[in-house]
Amino acid sequence: MIKIEENTDVVIVGAGAAGLTSALQLAEAGRSVTVLSEAELDGICASAWAQGGIAAAVAMGDSAAAHGRDTVKAAAGTADRNVVRTLTRDAPDYIKILERYGVVFKRDEENGGFALNHEACHSRRRVLRAKAGDGFGKELMRALTSAAAQQENIRFVPFQSAVALVREFTPTLGALSGVMTHDRSKNAFCIYPAAAVILATGGIGALYSHTTNPAFATGRGIALAARAGAVLADMEFVQFHPTALALERDPAPLATEALRGDGALLVTQDGRRFMPSYHPRAELAPRDIVSRAVFAELSAGNRVFLDCRTLDTHEFPALRDACLAAGIDPQTAPGFARQSILRKNFAVPKPVRLPSAG
Ligand SMILES: Cc1cc2nc3c(=O)[nH]c(=O)nc-3n(C[C@H](O)[C@H](O)[C@H](O)COP(=O)(O)OP(=O)(O)OC[C@H]3O[C@@H](n4cnc5c(N)ncnc54)[C@H](O)[C@@H]3O)c2cc1C
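Cut-offs and rules
- Residues numbered from 1 in each chain as written.
- Predicted model: local features only at pLDDT ≥ 70, side-chain atom pairs only at ≥ 80, totals over all residues.
- Heavy atoms only, no water.
- Helix = DSSP H or I, 4+ residues; strand = E, 2+ residues; numbered from the N terminus.
- Rg over C-alpha atoms; globule rule 2.2 N^0.38 Å.
- Buried < 20%, exposed > 50% of the residue type's maximum accessible area, 1.4 Å probe, protein only.
- Areas by Shrake-Rupley, 256 points an atom, 1.4 Å probe, with all protein chains shown as cover.
- Lys, Arg positive; Asp, Glu negative; His and termini not counted.
- Charge placed at Lys NZ, Arg CZ, Asp CG, Glu CD.
- Core = buried A, V, L, I, M, F, W, Y, C linked by side-chain atoms within 4.5 Å.
- Domains from an automatic or database assignment.
- Contact = heavy atoms within 4.5 Å.
- Expected span 1.5 Å × (residues − 1).
- Buried area = accessible area lost by both parts, 1.4 Å probe.
- Salt bridge = Lys/Arg side-chain N within 4 Å of Asp/Glu carboxyl O.
- Polar contact = N/O pair within 3.5 Å; in protein donor to acceptor, adjacent residues only side chain to side chain.

**Here we look at the overall build of the chain**
When you go through the chain residue by residue, the secondary structure sums to nine helices and 14 strands. By the compact-globule yardstick of 21 Å for 358 residues, the chain fits well, its C-alpha radius of gyration being 22 Å. With respect to the three principal axes, the spread of C-alpha positions in the chain is 75 × 45 × 40 Å. Within the chain, buried positions represent 45% of all 358 residues. Working note: accessible area of the chain is about 17,800 Å², and carbon and sulfur atoms make up 54% of it. A distance of 3 Å separates the average location of the 39 positive side-chain charges in the chain from that of its 37 negative side-chain charges.

Have a look at this one:
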């Protein structure tokens, strides 16, 4: 027996940053929205794990065009120019929207403007960070979940795994469209009817044997879209964080890009800095180049470490806590002295069984 739930204008699958910002904007436009998530409202999602921050051309002298040029360069020229133009043009407006939803960005103590990080491939400091050091995702999701909880037009339903998109005509109910879920709290199936469905189910990083992504990120939402006839684009593009803690944990704790932006150096077991021989921008080369360089060093039999001693690691509490729990003080331990701090995310697919079609 499948339970038919209350009808709303839009059903959104996923309660990460994409799902909640869509829900908030639709609710503000007067639409009724149901947000479905496998976890609780403040449950696990990649958005809450973001550390470094969010890029936008907000600094004096910066421009969307410069941000766009850097983005195309970071994509080795393969990026869709129209998408890049839209994202870089609209990013400063979205920062204002996020502030309106309550996100607190770190401010520069001297001039009161945004405090900006330097990250790979940006030609200048451009990454806005949270007040709480490397906890940008936590701050983002704290604000978005609280703003969504205050919106009357948004109904949130946890523990719902989307298993199929519905587009049917039934003799008793007439035309029906929406999402079928497996309600994990009741072990039952439900249909959430809606005129429109947004799939905001995150990425596919957890398909790889070494990953910084949450375990659910296996692309089930993308599979639902494909089964419903959606045309998928650019599926071959997967972004890998070049650096994560090598602690035999799955997923691996991220060592944020911002560390290299603040001066952390990639070295081998004998302290040899290797990035300058791979790219003129060394540790700040595009991520794919840093990842390939780390992989080349590992393949040549070297071990690879991140030496963080020249920066204030107290600014990166998530990394500090993960290191200290593993018996490594990133402030004083030469990365290459005791044990492997970093390992590349090897791009080896692991077998994953996709859910059957509803
Ligand atoms: C460790 C880490 C650090 C990062 N740091 C940064 C950073 O500093 N800056 C930056 O810009 N980006 C960063 N990223 C990337 C960024 O976090 C993601 O691109 C972004 O959060 C994706 O948001 P999302 O809402 O699409 O997905 P998510 O936040 O992953 O949300 C997906 C949601 O979908 C739900 N879901 C999935 N499948 C189903 C299903 N079948 N049924 C029901 N619900 C489902 C999940 O429960 C979750 O609620 C980082 C990513 C990781 C993993």
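From this point, the narrative continues.
**Examining the nonpolar core**
Counting residues in hydrophobic clusters, the biggest one holds 33 residues, and the most contacted among them are Val-35, Phe-105, Leu-144 and Ile-154. Breaking this core down by element, the ones donating at least two residues are β2 (8–13), α1 (17–28), β3 (33–36), α4 (81–100) and α5 (136–149). For this core, the leading source of residues is α5, giving seven residues. Each of domain 1 (2–46 + 147–227) and domain 2 (54–128) accounts for three or more of the residues forming this core. Discounting chain neighbours no more than four positions away, the residues touching Phe-105 are Ile-54, Ile-95, Leu-98, Glu-99, Phe-114, Leu-128, Arg-129, Lys-131 and Phe-136. Leu-259, Ala-285, Leu-311 and Cys-323 belong to the second-largest nonpolar core, a separate cluster that totals 23 residues.

**A few points about α5**
Between its terminal C-alpha atoms α5 stretches 20 Å, which fits the 20 Å expected from 14 residues at 1.5 Å a residue. Buried residues dominate α5, accounting for ten of its 14 residues. Those residues of α5 not exposed but buried are Phe-136, Gly-137, Glu-139, Leu-140, Met-141, Ala-143, Leu-144, Thr-145, Ala-147 and Ala-148. Taken together, the buried residues of α5 touch α1, α2 (46–49), β4 (54–55), α4, β6 (127–128) and β7 (154–157).

**Observations regarding the domain arrangement of the chain**
Split by domain assignment, the chain resolves into domain 1 (2–46 + 147–227), domain 2 (54–128) and domain 3 (244–343). Centre-to-centre, using C-alpha coordinates, domain 1 lies 29 Å away from domain 2. Each partner contributes residues to the interface: domain 1 has five residues there, and domain 2 has five residues. Of the roughly 400 Å² buried between domain 1 and domain 2, counting both surfaces, carbon and sulfur atoms make up 50%. Our enumeration of links across domain 1 and domain 2 arrives at one salt bridge. Salt-bridge contacts for Arg-100 lead to Glu-28; the nearest nitrogen and oxygen are separated by 3.0 Å. Put simply, domain 1 and domain 2 have two residue pairs in polar contact (both at pLDDT 80 or more) between them. Of all the elements, α1 adds the most residues to the side of domain 1 that touches domain 2, at four residues.

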